[in-house]
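# Fold and geometry: a report
What follows is each chain in one-letter form.
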Amino acid sequence: MQGTQRLTSSHATDSQSVPAERWLRIIPVALIMYTISYVDRTNVSLALDPTRSTMMSDLLMDDAMKGRAAGIFFFGYVMLQIPGGYLANRWSAKRLISILLVLWGIAAVGCGLASNFAQFQMMRFLLGVAESGVFPATLVLLANWFPRSERARANGYWNLCQPLAVAASAPLTSWMIGQWGWKKMLIVEGALPFLWLPIWLYFISDHPRKAKWISPSERDYLETTLQREATELTPVKPMPIWQAFLQPSIVVMLIIYFLQNCANYGCMTFLTDALKSEGRPPTGLQFGILFAVPYLVAAVCMIVNSTHSDRTRERRGHVAVPYAVSGLCMIGSVLLKPYSFWGAYVLLCFAVPGQFTALAPFWAIPAETLPRSVLGSVMGLVNAIGNLGGFFGPAIIGEMKKQTHSIVAPFCVMGGALIIAGAMAFLLPRRLATLQKA
């Protein structure tokens, strides 16, 4: 036991003295890559606001069709999740994402070229297919570069792309819609993957051993540490993928991630309705800023939560609390709005972050409990089924708003879904454990 303690202490000391160029080389490039992805899937939230854009009238859409148009992306998003994780793990995350950058750029530009609702739905579906392999492939890439003690922070910094994409692009997207119209906005933003592809190819390597820029000490530390951690999680007998899919913790993760995506994309699609006041409406740029601020708050909360999760080595509480706070604030915001717009807006600023804040510790759990042979496929499954919530959330909210002519009931339903997700997080593993122990 004392020998183990001495080894652990020595390892911690060594890791603190090792260069950490990977944080400046891998994370920023991956963050911007996925930021572009997130912009191309979410910019329709502003384009579909009939007070800001002519898109709904041009494509002859009502609120129910608006929800379906935003959500059809996620039916395509299921297609390559499991194959994407498998190929990234067995072949190359770098090469797979390079191919997908080109494909989603073509589909994103196609959304701006659509002239009717059917064409737009088809291009949104194809955009989902093209982007579907990116998320699990990037998780595999990060698992190849960041040991267990750094993984929540690595996931957290990378996932900053999601709120930052909205916060950074919302004012600009709103301005472009006002100046150029929704079609040109979608085409310009859809072309961004082509610009980022050369940078991705130059900077990213699949493993430390393949990177020419890394120092010998950092490479040796990473290869040794990651190999040791992989050995600890490797079962005595090879584990079939279907057996990993049936683990109780994976089923719980599927349900949690489905509920959080229902709330996340449902809220994002109809956030413009929550921002409308009875007084003088804000200008396009002001409206974009109001839309962006909750996502800036989310970025700060993500850093704080992921850092604290790594420091305490605790995961499920860092998943549960953000969901619960977000759900309660989402319900409170729509109930308070008739009495105080700005009071409701403050609550809304804390309703949005929960879905993002929980991501880093949530995705650290499978990376710390699954054998590497099935990790990519399982994370692809969770992301695929969970992201179906991105279709059902906007679709259900759109239909409820159409029937009730209000966002009060829909936002209360989304808030309730997040509270349930927070409660279910306590069914996830309490401590780091291996499947062979289970």
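Residues numbered from 1 in each chain as written. Predicted model: local features only at pLDDT ≥ 70, side-chain atom pairs only at ≥ 80, totals over all residues. Heavy atoms only, no water.

## Some points on the overall build of the protein
If you tally the helices and strands in the protein, you get 25 helices and 0 strands. Here the protein holds 438 residues, and 58% of them are scored as buried. Contacts in the protein between residues far apart in sequence, at least 24 positions, make up 85% of those at least 6 positions apart. (Helix = DSSP H or I, 4+ residues; strand = E, 2+ residues; numbered from the N terminus. Buried < 20%, exposed > 50% of the residue type's maximum accessible area, 1.4 Å probe, protein only. Contact = heavy atoms within 4.5 Å.)

## Examining the nonpolar core
By size, the foremost hydrophobic cluster in this structure holds 130 residues, and its most contacted members are Trp 200 and Phe 411. Non-local contacts of Trp 200, meaning those with residues more than four positions away in its chain, are made with Val 29, Ala 30, Met 33, Lys 94, Ile 97, Ser 98, Leu 101 and Leu 141. (Core = buried A, V, L, I, M, F, W, Y, C linked by side-chain atoms within 4.5 Å.)

## Focus: the pattern of salt bridges
Within the structure shown, the criterion is met by 5 salt bridges. The closest approach of N and O atoms between Asp 310 and Arg 153, which form a salt bridge, is 2.9 Å. A residue pair is termed long-range when its members are at least 10 positions apart, and Asp 310 in helix H18 (residues 284–312) and Arg 153 in helix H10 (residues 151–159) qualify at 157 residues. Between Glu 223 and Arg 209 there is a salt bridge, and its shortest N-O distance comes to 3.6 Å. Pair noted here: Glu 223 is in helix H14 (residues 216–233) and Arg 209 is in the loop between helix H13 (192–203) and H14, with a separation of 14 residues, a long-range link. The class for Glu 223 is partly exposed, based on a relative accessible area of 25%. (Salt bridge = Lys/Arg side-chain N within 4 Å of Asp/Glu carboxyl O.)

## Some thoughts on a nonpolar patch on the surface
Together, Tyr 86, Leu 87, Trp 91, Ile 99, Leu 103, Ile 106 and Phe 194 make up a nonpolar patch on the protein surface, roughly 640 Å² of accessible area in all. Broken down by element, the nonpolar patch gets its largest block of residues, 6 residues, from helix H7 (residues 81–113). If you trace the backbone, Ile 106 turns up in helix H7. (Patch = residues over 30% accessible without salt bridge, like charges linked within 9 Å, V, L, I, M, F, W, Y side chains within 5 Å. Areas by Shrake-Rupley, 256 points an atom, 1.4 Å probe, with all protein chains shown as cover.)

## As for the confidence of the model for the protein
On average, residues of the protein score 80 in pLDDT, and 87% of them are at 70 or above. Counted against residues more than four places away or in other chains, residues 1–14, with its pLDDT under 50, gives 3 contacts. This stretch, residues 432–438, has a pLDDT under 50; its non-local contacts, to residues over four places away or in other chains, come to 18 contacts. (pLDDT = per-residue confidence, 0-100.)

## Here's the deal with the packing of helix H2 (residues 22–42) against helix H8 (residues 117–131)
Where H2 meets H8, the closest approach of the two axes is 11 Å, and the angle between their N-to-C directions is 160 degrees. Judged by the angle between their axes, H2 and H8 are roughly antiparallel. The handedness of the crossing between H2 and H8 is left-handed. Taking contact as the criterion, the partners of Ser 37, Asp 40 and Arg 41 in H2 are, on H8, Arg 124, Leu 127 and Glu 131. The residue inventory of the contact of H2 with H8, partitioned by class, reads 1 nonpolar, 1 polar and 4 charged. (Axes fitted to C-alpha atoms, helices over the stretch in contact; angles between N-to-C directions. Parallel < 35°, antiparallel > 145°, perpendicular 65-115°, else oblique. Left-handed = near helix turned anticlockwise from the far one by under 90°. Nonpolar A, V, L, I, M, F, W, Y, C, P; charged D, E, K, R; others polar.)

## Brief notes about the side chain of Arg 124
Along the chain, the position of Arg 124 falls in helix H8. For the buried residue Arg 124, which engages in no salt bridge, the nearest side chain bearing the opposite charge is Glu 131, 7.1 Å off. With residues up to four places along the chain from it excluded, the contact list for Arg 124 reads Asp 40, Arg 41, Val 44, Ala 69, Ala 70, Ile 72, Phe 73 and Cys 111. (Lys, Arg positive; Asp, Glu negative; His and termini not counted.)

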